[in-house]
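# Chains, contacts and geometry: an overview
As a plain string of letters, each chain reads:
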Amino acid sequence: MENVSFKMTRRQLIQAAATSVFVTGMPNITGCSSLPGYQPTGTDDNKALYLIHGNVVDVVRGEIRHNQTITIKNGRIKTIYNYNQVPPAGEGDMIIDLKNQFVIPGLIDAHCHATLSGEAKLNPWGVLTTMNQLKRNYIQQIKHGVTTIRDMGALPNLLHDHIKQIEKGELIGPRVVYCNSFTNIYGGHPDVDPAAINIFAPIAMAFTGRPNLWFKDTNDLEEKMQINSSFGASFIKLTMDKKSVLCGKGEIPVYTDEHLKLIFDYAQKNNLSTAGHIHTKFGFDRAIQFGIGSVEHSIGDAVLTEKDVIAMAQKKIPVVPTMIVAQMLAEPEAYDELPQKYRNDFIDREMIIRRDYLHSSLDDYTETSIHENNLTHLKDYRKYGCANLYKKGKYMANPEIYFDILLNGPRNLMTMKDAGIIIGCGTDSGVPLSYHGTLWREMEMLCRIGLSNLEVLRCATINNAKIIGMADKIGSLDEGEYADLAVMKKNPLETGEIFSKPQIVIKGGKVYDISRISFTA
Ligand SMILES: [Zn+2]
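Residues numbered from 1 in each chain as written. Predicted model: local features only at pLDDT ≥ 70, side-chain atom pairs only at ≥ 80, totals over all residues. Heavy atoms only, no water.

### Here we look at the overall build of the protein chain
To be explicit about the condition: Segments assigned H or I by DSSP are reported as helices when at least four residues long, segments assigned E as strands when at least two residues long, and all are numbered from the N terminus. Type-normalised accessible area, obtained with a 1.4 Å probe on protein chains alone, sets the label of each residue: buried when under 20%, exposed when over 50%, and partly exposed for intermediate values. Any two residues whose heavy atoms approach within 4.5 Å are treated as being in contact. The accessible surface values rely on the Shrake-Rupley method and a 1.4 Å probe; as for residues, cover is taken only from the protein chains in view. Note that His is not counted, nor are the chain ends; the positive residues are Lys and Arg, and the negative ones are Asp and Glu. Charged side chains are reduced to one point each, which is NZ for Lys, CZ for Arg, CG for Asp and CD for Glu.
A tally of regular secondary structure across the protein chain gives 17 helices and 15 strands. Put simply, the protein chain has 521 residues, and 58% of those count as buried. The contacts of the protein chain with a sequence gap of at least 6 include a subset with a gap of at least 24, amounting to 75%. With an accessible surface of roughly 21,500 Å², the protein chain has 50% of that area assigned to carbon and sulfur atoms. Side-chain charges in the protein chain split into 56 positive and 58 negative, and the spacing between the mean points of these groups amounts to 3 Å.

Below, the structure written as structure tokens:
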């Protein structure tokens, strides 16, 4: 890494060399694997898969069509109709009786980081665990009904390697829409140099690719944007705030107007969308002014008025609020006692839900050692004091930012909703404490904020499909769309607390029996 003083002891060098061997052999590593060896079932080309006796949830109309037969061929939905008899299955066709369970479109996690493990600090001795977790990320999504993800900033080479494995059927995983690296100015969010977190990072990144564009001037920007978007990226990820999310770090560099003009011109010319990481009114106003493709996360440092969101509504800019990451990173562990300004019924309840989740069995969401390390790291808040963390080389989220989001985010979201702004649904999983496969936690939180079950289901399906530019292919169970769906035991329009537990998930016509995807031996 340029501009980074990087000194290694002899011992660290040896560790680094060993790690680089692991990293180069990565595609083959399943390690001390907790990866399930499960393979989906399905029919051959031109053979039909009939799902009979299904109650199809029409997320667009908001109604349920009972006793439907869904015919799937070549990975797509061919027909959906009411049919009481067993269809005329020929040789090689397959029939699954859904026994009046409920069929929803495959869920979409519109904001996550597939090549991040959810670790607060990478353990140098845990490289295999981390690599294992990165593969689990995709499996965990499928296990929880998510058939498409939008990756919001990745180690590009690693991501592409994983996508190839998914396409070849070597790894269970969702469809992936991506932007490759963050298009950020040098020092911009995520404002940690990976080399500062992990001594192996510079070596590893030679293989995995760098998560940050970190351009320095307009020439550099143009050159790097071209490289970054040349591998199938469908959008550009921007980071709009000048306030760091890290404890003990203040302001960070932001784009100049000239940079933003260049980026938005480039996006338009190359038919790319844009998405902006935004927690502050400063970033929000600027992003709206430039016509960002989507507002990612929530605004915490201001209460937005109707006037503030008019331009957003007029320009049809959607929001992906990722409230659940605010719940996770609003860390009460940082305080002796939670400051009075953060005490209200909503936050009190979120803190209980957060605590219960953190201390439940998370086998389906993360490697045990990763979660245990994360819980240990939470103790650093009190041990060092928030203000000192950055100085001490501890890069931990500033809980104040996230408590502010819990305080103001719900109201801001409802203001956007009232203005007719499209709301999407995403987790930000991959960041510390946020694990993949937890879209249902965001869905439940949106319900607690005041959206109805149907509205939340729309956020995670049709709205997300629109936001990621795939509404003609996924998100609403229409004939001709990809056969991506999840089967739920109970009516999701009546019971919110079931989004976490699909019985069957189908992606591109391949059938995953969820009970058989297990991470425990
Ligand atoms: Zn993110």
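Read on for the rest.
### Considering the packing of aromatic side chains
Two descriptors summarise a pair of aromatic rings, namely the distance from one centre to the other and the angle between the planes of the rings. Under the convention used in this document: Stacked, tilted and edge-to-face are the three classes applied to pairs of Phe, Tyr and Trp rings, where Trp contributes its six-membered ring and a pair requires centres within 6.5 Å; stacked means planes under 30 degrees apart, edge-to-face means over 60, and tilted covers the rest. Lysine and arginine charges are scored as sitting over a ring when NZ or CZ, respectively, is within 6 Å of the ring centre and within 35 degrees of the ring normal.
Going through the model one piece at a time under the given rule, you end up with eight aromatic pairs. A ring pair is formed by Phe215 and Tyr255, whose centres lie 6.2 Å apart and whose planes are at 10°; its orientation type is stacked. Of this pair, Phe215 sits in the loop between α5 (201–208) and α6 (218–228) while Tyr255 sits in the loop between β9 (235–239) and α7 (257–269), and the two are 40 residues apart along the sequence. With a relative accessible area of 0%, Phe215 lands in the buried category. Owing to a relative accessible area of 2%, Tyr255 belongs among the buried residues under this scheme. Among the aromatic side chains, those forming a connected cluster through ring pairs are Tyr335, Tyr342 and Phe403. The residue whose ring lies beneath Arg441 is Tyr357, and the NZ or CZ to ring-centre distance is 3.7 Å.

### Things to note about the sheet that holds strand β8 (residues 175–178)
Where we set the bar: Strand pairing requires that DSSP identify at least two bridges connecting the strands. Lines fitted to C-alpha atoms define the axes, with helix axes restricted to the stretch in contact, and inter-axis angles between N-to-C directions lie between 0 and 180 degrees.
Taking strand neighbours across the sheet as the criterion, the three strands line up as β6-β7-β8 in an open arrangement whose pairing is parallel. Two strands bound the open sheet, and with one partner strand each, they are β6 (107–112) and β8. Going across the sheet, the axis of each strand differs from the next one's by a mean of 20°, ignoring polarity. By the bridge criterion, four bridges tie β6 to strand β7 (residues 146–151) in an arrangement that is parallel. Of the residues in β7, the one forming a bridge with Leu107 is Val146. In the packing of helix α17 (residues 453–467) onto the sheet, the strands contacted are β6 and β7, and the crossing angle to β6 comes to about 65°.

### Regarding the coordination of the zinc ion
Tetrahedral coordination by four donors places them ideally at 109.5 degrees to one another around the metal; octahedral coordination by six donors ideally gives 90 or 180 degrees. Selection rule: Distances define the donors: N, O and S atoms within 2.8 Å of the metal qualify, as do those within 3.2 Å of Na, K or Ca. Water is excluded, so some sites may look unfinished.
Only His111 (NE2), His113 (NE2) and Asp428 (OD) from the protein coordinate the zinc ion, and they sit 2.1 to 2.2 Å from it. Read in sequence order, the donor residues coordinating the zinc ion give the pattern H-x1-H-x314-D. In this pair, the class of His111 matches that of His113, namely buried.

### Regarding the sheet that holds strand β11 (residues 295–296)
Backbone-to-backbone hydrogen bonds join strands into a sheet, with any given pair of strands oriented parallel or antiparallel. Overall, parallel pairing links the four strands, which are arranged β9-β10-β11-β12 in an open sheet. Where the open sheet ends on each side, the last strands, each with one partner, are β9 and β12 (319–320). Across two bridges, β11 lies against β12 in parallel orientation. By the bridge assignment for β12, Glu296 is matched with Val320.

### Looking at the side chain of Thr147
Following the sequence through the fold, Thr147 ends up in strand β7. Exposure remark for Thr147: the relative accessible area of 1% places this residue in the buried category. Residues in contact with Thr147, not counting those within four places in the same chain, are Gly106, Leu107, Pro174, Arg175, Asp484, Val505, Ile506 and Lys507.

### A short note on the pairing of strand β13 (residues 485–488)
The side-chain alternation of β13 yields two buried faces, one formed by Leu485 and Val487 and the other by Ala486 and Met488. The pairing of strand β5 (residues 102–105) with β13 spans four bridges and is antiparallel. In the strand pairing of β13, Phe102 is matched with Met488. As judged from the three bridges shared by β13 and strand β14 (residues 504–507), these two strands associate in the antiparallel manner. When the bridges of β14 are listed, Ala486 appears paired with Val505.

### Structural notes on α17
Let me state the cut-off plainly: To estimate the expected span of a helix, count its residues, drop one, and scale the result by 1.5 Å. At any given residue, the bend is defined as the angle formed between two axes, one fitted to the seven residues that end at that position and one fitted to the seven that begin there.
The end-to-end C-alpha separation of α17 is 20 Å, in line with the 21 Å expected for 15 residues at 1.5 Å each. Cys459 marks where α17 bends most, by close to 45°. Within the sequence span of α17, burial applies to Asn453, Leu454, Val456, Leu457, Cys459, Ala460, Thr461, Ile462, Asn463, Asn464, Ala465 and Ile467. If you follow the buried residues of α17, they end up packed against β1 (48–58), β5, β6, β7, β12 and α16 (439–449).

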